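Residue-level listing of the chains:
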Amino acid sequence: ANESIITKTTVTVPNNGGVIEAVSTIEAVPYYTRSRKTAQLQPWSSDSSLMRPIDERHEADCCRTPQHQGIRLHEFVSKTVIKPESCVPCGKRIKFGKLSLKCRDCRVVAHPECRERCPLPCIPTSGNTPVRIGEGTLADFVPSTSPMIPSIVVHCVSEIEQRGLHETGLYRISGCDRTVKDLKEKFLRGKSVPLLSKVDDIHAVCGFLKDFLLRNLKEPLLTFRLNKLFMNAAEISDDDNSIAAIYQAVDELPAANRDTLAFLMMHLQRVSDSPDCKMGVINLSKVFGPTLVGHAVSDPDPMTILQDTKRQPKVVERLMSLPADYWNQFMMVENIDPSHIIENTNIFLALLRLLM
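Residues numbered from 1 in each chain as written. Predicted model: local features only at pLDDT ≥ 70, side-chain atom pairs only at ≥ 80, totals over all residues. Heavy atoms only, no water.

## What to know about a nonpolar patch on the surface
And then number 1: A surface patch of nonpolar side chains, amounting to about 290 Å² of accessible area, comprises Val11, Val13 and Ile20.
And then number 2: Along the chain, Val13 turns up in the loop between strand 1 (3-12) and strand 2 (21-30).
And then number 3: We classify Val13 as exposed; its relative accessible area is 54%. (Patch = residues over 30% accessible without salt bridge, like charges linked within 9 Å, V, L, I, M, F, W, Y side chains within 5 Å. Areas by Shrake-Rupley, 256 points an atom, 1.4 Å probe, with all protein chains shown as cover. Salt bridge = Lys/Arg side-chain N within 4 Å of Asp/Glu carboxyl O. Helix = DSSP H or I, 4+ residues; strand = E, 2+ residues; numbered from the N terminus. Buried < 20%, exposed > 50% of the residue type's maximum accessible area, 1.4 Å probe, protein only.)

## Remarks on helix 8 (residues 281-293)
And then number 1: Compared with the 18 Å implied by 1.5 Å per residue over 13 residues, the 15 Å span of helix 8 between its first and last C-alpha is markedly short.
And then number 2: At Val287, helix 8 is deflected by roughly 45 degrees, the largest bend along its length, and proline Pro290 occurs up to four residues later in sequence.
And then number 3: Within helix 8, the full set of buried residues consists of Leu284, Ser285, Val287, Phe288, Gly289, Thr291, Leu292 and Val293.
And then number 4: On its buried face, helix 8 is in contact with helix 4 (202-215), helix 5 (227-234), helix 7 (255-273) and helix 9 (302-321).
And then number 5: Gly294 lies just past helix 8 and shows a positive phi near 65 degrees. (Expected span 1.5 Å × (residues − 1). Bend = angle between axes of the 7 residues up to and from the residue. Contact = heavy atoms within 4.5 Å.)

## Brief notes about the environment of Ile202
And then number 1: Within the element layout of this structure, Ile202 appears in helix 4.
And then number 2: Since its relative accessible area comes to 5%, Ile202 is described here as buried.
And then number 3: In sequence terms Ile202 and Gly164 are 38 residues apart; their C-alpha atoms lie 6.3 Å from each other.
And then number 4: Dropping the residues within four chain positions of it, Ile202 is found in contact with Glu159, Ile160, Arg163, Gly164, Glu167 and Leu170.

## Brief notes about the nonpolar core
And then number 1: Val153, Tyr171, Leu209, Phe230, Leu261, Leu319 and Trp327 are the most contacted members of the largest nonpolar core, which totals 69 residues.
And then number 2: The element that contributes the greatest number of residues to this core is helix 7, accounting for nine residues.
And then number 3: When near neighbours in sequence (up to four residues on either side) are disregarded, Leu261 contacts Leu221, Leu222, Val250, Leu253, Leu319 and Trp327.
And then number 4: Ranked by size, the runner-up nonpolar core spans 14 residues in total, among them Val88, Ile94, Val108 and Cys118. (Core = buried A, V, L, I, M, F, W, Y, C linked by side-chain atoms within 4.5 Å.)

So this is what it looks like as structure tokens:
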């Protein structure tokens, strides 16, 4: 499933008509190492909240979202609060005259002590005009550089992982419809992500994320063009050939779709690994099949909908079976400037001195 076989054969034919000799070398190469150049990439630490097994995380740090090399970090600058603002990670108001941190790129605001809990990767604000429901493409919501993920997806996943990984039936239990509608209106009306830390119902945040992926975009994440390719790949009876075909289909996705899919798959793997959620791969595949896979056309007939509904979960199952290392490579940023990390640290230390 994850390997291809490369063979090299050297044939020696003597000029004098002697015995012909042939020497062959066979090598197995993982498929995904050939799909992207990774030599200059720095790996996302295995301590990442998206990568660490549930049972290895101490309860005290389950709400932390640590900064890591290899992914785009926040570039915080300090500012004195003049007009009231709310801290994104904790949802509490930052009082007048107090110091706060604000990211230059994504504009996220936080208390100095909440800095480590800001959602990662940092997704720079695109400045695009809000689009109507169902009329936007994924490209309307993502930055121009990798990883190309909508900020709303990053913020929702961060909030769900901080508060929801011990909730039974995550993504299966419906949240408050009114709350989901309010979140959607705030998101579409403004240019920033709603303050999700103030939403008491974590199931509503899950509903908001699914609603964005299902109804806010012109086409599903796997696109109309590649729908049949993914469906056919998932239905190949031989597991190895099926997964190899899935790899090839993922490679054909537009960059924004591929990066967003990678981010979501790593998140869903985390959810499926949580014993408290009781949402294994099969359950999550049934929930996200229609959301991520969708159909090959925008207005399918009833028979197509019925047939596709049976096929969609198998695609998500195959996608979730791909190794985390494969998905993780799409979260990386090439040629990270070390001063980026130093700058964040120095600002944080300077703020601590001022507060002492």
